[in-house]
Amino acid sequence: MGWKHIVIEANCFYEDNDEHIDTKCCKGNIGMHCLTYNQEGNQICPNLVFGKSRTSVIATDKDGHAIDSSVFWTDEKLGPEEWVKREEAWLHEQRRLMNMNNN
């Protein structure tokens, strides 16, 4: 039986001002606590936003906890061929880095 992984891409957009003084739930430390910020009110951390990327590399420790990640994404308006070309170049670089660290 193989491992199954669910990856949710999220970022914390915490702003250090009076308006958000009580919502420091994910400042600098995104984790499950962001999703269970207020269980009684069924709320996630108000500073947590979800994103998406077509291609991701996620490094995990031996227990499967994410310790680092990198994604390929751009706001540039690229045509399908240019997107694939850049995505493949990015994947090639990620493979090179992983192979370099396995020596």
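Residues numbered from 1 in each chain as written. Predicted model: local features only at pLDDT ≥ 70, side-chain atom pairs only at ≥ 80, totals over all residues. Heavy atoms only, no water.

Draft legend 1. How the structure looks around a nonpolar patch on the surface. Together, Ile6, Ile8, Met32, Leu35, Ile44 and Phe50 make up an exposed nonpolar region whose accessible area comes to about 650 Å². You can see Ile8 is positioned in the segment before β1 (10-12). Taking the relative accessible area as the measure of exposure, Ile8 reaches 56% and is therefore exposed. (Patch = residues over 30% accessible without salt bridge, like charges linked within 9 Å, V, L, I, M, F, W, Y side chains within 5 Å. Areas by Shrake-Rupley, 256 points an atom, 1.4 Å probe, with all protein chains shown as cover. Salt bridge = Lys/Arg side-chain N within 4 Å of Asp/Glu carboxyl O. Helix = DSSP H or I, 4+ residues; strand = E, 2+ residues; numbered from the N terminus. Buried < 20%, exposed > 50% of the residue type's maximum accessible area, 1.4 Å probe, protein only.)

Draft legend 2. Highlighting unusual backbone geometry. For Asn42, which is not a glycine, the phi torsion comes out positive at approximately 50 degrees. Along the polypeptide, Asn42 turns up in the loop between α1 (32-35) and β2 (48-50).

Draft legend 3. Expanded view of the layout of surface pockets. Of the pockets and cavities examined, the largest pocket occupies roughly 1100 Å³. Around the largest pocket, the lining comprises 30 residues; the ones closest to its centre are Ile6, Val7, Ile8, Ile58 and Ala66. Breaking the lining of the largest pocket down by element, the ones donating at least two residues are β1, α1, β2, β3 (55-60) and β4 (66-72). For the lining of the largest pocket, the element with the highest residue contribution is β4, accounting for four residues. (1 Å grid on protein atoms, 1.4 Å probe; cavity = no way out; pocket = protein on both sides within 12 Å on 5 of 7 lines; lining within 4 Å. Points joined across faces, edges and corners; volume = space filled by probe spheres on them.)

Draft legend 4. Structural detail: the pairing of β3. Where β3 and β4 come together, six bridges link them in antiparallel fashion. Looking at β4, one finds that Thr55 is bridged to Phe72. (Pairing = 2+ DSSP bridges.)

Draft legend 5. Examining the pattern of salt bridges more closely. All chains considered together, the criterion is met by three salt bridges. The closest approach of N and O atoms between Glu76 and Arg86, which form a salt bridge, is 2.8 Å. One end of the pair, Glu76, is in the loop between β4 and α2 (80-101); the other, Arg86, is in helix α2, with 10 residues separating them in the sequence. The class of Glu76 is partly exposed, set by a relative accessible area of 45%. Between Arg86 and Glu82 there is a salt bridge, and its shortest N-O distance comes to 2.9 Å. Placement of the pair is Arg86 and Glu82 together in helix α2, with a separation of four residues, close to one helical turn. For Arg86, a relative accessible area of 31% corresponds to the partly exposed category.

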